[in-house]
Structures are given as structure tokens and as C-alpha cells.
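# Residue-level structure breakdown
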Amino acid sequence: MTPAEAISHFADIRIDVEVELDRKPMTLSEILELSPGCVIKLTRSAGENLDLRVGETLVGYGEIVIIEDIMGVRITDFWGDA
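Residues numbered from 1 in each chain as written. Predicted model: local features only at pLDDT ≥ 70, side-chain atom pairs only at ≥ 80, totals over all residues. Heavy atoms only, no water.

### Re the layout of surface pockets
In this model, the second largest pocket occupies a volume close to 170 Å³. Around the second largest pocket sit L21, L42, R44, S45, A46, G47, E48, N49, L50, E63 and I64, which together line it. Taken together, the residues of the lining of the second largest pocket sort by class into five nonpolar, three polar and three charged. (1 Å grid on protein atoms, 1.4 Å probe; cavity = no way out; pocket = protein on both sides within 12 Å on 5 of 7 lines; lining within 4 Å. Points joined across faces, edges and corners; volume = space filled by probe spheres on them. Nonpolar A, V, L, I, M, F, W, Y, C, P; charged D, E, K, R; others polar.)

### Re a nonpolar patch on the surface
Taken together, the side chains of L21, L28, I31, L32, L34, I40, L42, I64, I66 and M71 make up a nonpolar region of the molecular surface, amounting to roughly 990 Å² of accessible area. Looking at the nonpolar patch, the elements that each hand over two or more residues are helix 2 (28–32) and strand 3 (57–67). Ranked by residues supplied to the nonpolar patch, first place goes to helix 2 with three residues. By the element assignment, I40 lies in the loop between helix 2 and strand 2 (50–54). (Patch = residues over 30% accessible without salt bridge, like charges linked within 9 Å, V, L, I, M, F, W, Y side chains within 5 Å. Areas by Shrake-Rupley, 256 points an atom, 1.4 Å probe, with all protein chains shown as cover. Salt bridge = Lys/Arg side-chain N within 4 Å of Asp/Glu carboxyl O. Helix = DSSP H or I, 4+ residues; strand = E, 2+ residues; numbered from the N terminus.)

### Let's talk about the sheet that holds strand 1 (residues 17–20)
On the basis of which strands lie adjacent, the open sheet formed by four strands has the order 1-2-3-4 and antiparallel pairing. Here the strands that pair on one side only, and so sit at the sheet edges, are strand 1 and strand 4 (70–78). Averaged over all adjacent pairs, the angle separating strand axes in this sheet is 40°, with direction ignored. Examined bridge by bridge, strand 3 and strand 4 share eight bridges and lie antiparallel to one another. Residue I64 lies in a different strand from strand 4, and its bridge partner there is V73. (Pairing = 2+ DSSP bridges. Axes fitted to C-alpha atoms, helices over the stretch in contact; angles between N-to-C directions.)

### Some points on the pairing of strand 3
Here strand 2 pairs with strand 3 via five bridges, running antiparallel. For L52, the partnering residue across the bridge sits in strand 3 and is G60. Here strand 2 hands over to strand 3 after two residues, with G55 in that stretch at a positive phi of 65°. What sits between strand 3 and strand 4 in their antiparallel hairpin is a turn of two residues, with E68 showing a positive phi close to 55°.

### Re the packing of aromatic side chains
Here a ring pair, both rings aromatic, is described through the centre-centre distance and the interplanar angle of the planes. What the rule picks out here adds up to one aromatic pair. Where Y61 meets W79, the ring centres are 5.5 Å apart and the plane angle is 70°; that geometry is what we call edge-to-face. In this pair, Y61 is assigned in strand 3 and W79 in the segment after strand 4, connecting sequence segments 18 residues apart. (Phe/Tyr/Trp six-rings, centres within 6.5 Å; stacked < 30°, edge-to-face > 60°.)

### Structural notes on the side chain of R53
Position of R53 relative to the elements: it lies in strand 2. Note on R53: relative accessible area 14%, which makes it buried. Of the polar contacts made by the side chain of R53, one reaches the backbone oxygen of E56; its length is 3.3 Å. Contact partners of R53, with chain neighbours within four places excluded, come to D16, V17, E18, E20, R23, L58 and V59. (Buried < 20%, exposed > 50% of the residue type's maximum accessible area, 1.4 Å probe, protein only. Polar contact = N/O pair within 3.5 Å; in protein donor to acceptor, adjacent residues only side chain to side chain. Contact = heavy atoms within 4.5 Å.)

Written out as C-alpha cells, the structure reads:
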């Protein structure tokens, strides 16, 4: 029996998946200065993998894709399929 088969009875449980582009430490005064149109410089470059998290656990990586006018994430590496 595969791990996926062993937990198949839990298949309908909803779990939040987070896609993390980057983290940026900011002071409270920097946050209070933000307004619509502001740009926050991040440490990652275009084309780098995004982190996929379930809760606080890193479960894989993805990359941003745009299909017509919708933004999504293409999974490039996922540890749930092992």
C-alpha cells in the first residue's frame, strides 16, 4: 500500500497551502509609510523558485505562471509525491 492509499480516507480534508514569494523584515515605521503603489524590494530574483508551505512545513517549490489574465503557480518540486 502506498502512502497516498494509506491516507486516502482523509482526501476530502481542506488544508491551506501557502505560496511564499519572499520575506522582508520591516520596521513598524516602514510599514506605516506604505501606500498603494509602493514597491517593496525583495531579495529573490525573477525566475527563482517560490516556497510552497502547508502550515509551517515546506512541502515543495513552484514558479509563477500567467495564463491569460490569471496568475498561478506551477509546481516544480513536491515532496508529497514521494
